[in-house]
Amino acid sequence: MPLTMATAGEKNIIRKIGGKEETRRFLENLGFVAGGDVTVVSEIGGNMIVNVKDSRVAIGKDMANKIMVG
């Protein structure tokens, strides 16, 4: 399921990063890598705040839809 469907406060494992090569590289640089943990902190006005690799990152819904978790 895409990260946008994840429940806030629940730890998820990143399964796959979709999108164009530059999008995948951008997300990987932020710490979104397959097999890594990601936790949704909150969702405000279409943007999501997530914890990934001990960092808090804000991403837009379009980016979050490209991150598959399970």
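Residues numbered from 1 in each chain as written. Predicted model: local features only at pLDDT ≥ 70, side-chain atom pairs only at ≥ 80, totals over all residues. Heavy atoms only, no water.

1. Thoughts on the overall build of the protein
Piece 1. A tally of helices and strands in the protein yields two helices and five strands.
Piece 2. When the elements of the protein are put in sequence order from the N terminus, they spell out β-α-β-β-β-α-β.
Piece 3. Expressed along its principal axes, the backbone C-alpha trace of the protein runs to roughly 30 × 25 × 20 Å.
Piece 4. Taken over 70 residues, the protein has a buried fraction of 36%.
Piece 5. Sequence separation of 24 or more characterises 56% of the internal contacts of the protein that already satisfy a separation of 6 or more.
Piece 6. Looking at the protein as shown, the accessible area adds up to about 4,200 Å², and 50% of this sits on carbon and sulfur atoms.
Piece 7. Within the protein, one finds 10 positive and 8 negative side-chain charges whose respective centroids are separated by 3 Å. (Helix = DSSP H or I, 4+ residues; strand = E, 2+ residues; numbered from the N terminus. Buried < 20%, exposed > 50% of the residue type's maximum accessible area, 1.4 Å probe, protein only. Contact = heavy atoms within 4.5 Å. Areas by Shrake-Rupley, 256 points an atom, 1.4 Å probe, with all protein chains shown as cover. Lys, Arg positive; Asp, Glu negative; His and termini not counted. Charge placed at Lys NZ, Arg CZ, Asp CG, Glu CD.)

2. Quick word on the nonpolar core
Piece 1. Counting 16 residues, the largest nonpolar core has Leu3, Ile14, Phe32, Val38, Val50, Ile59 and Ile67 as the members making the most contacts within it.
Piece 2. Put simply, the parts of the chain that give this core at least two residues each are β1 (11-17), β2 (37-44), β3 (47-52), β4 (55-60) and β5 (67-69).
Piece 3. In terms of residues, this core owes the most to one element, β3, which gives three residues.
Piece 4. Among all residues touching Val50, those that are not within four sequence positions of it are Leu3, Phe32, Val38, Thr39, Val40, Val41, Ser55, Arg56 and Val57. (Core = buried A, V, L, I, M, F, W, Y, C linked by side-chain atoms within 4.5 Å.)

Keep in mind these numbers describe shape, not what the thing actually does.
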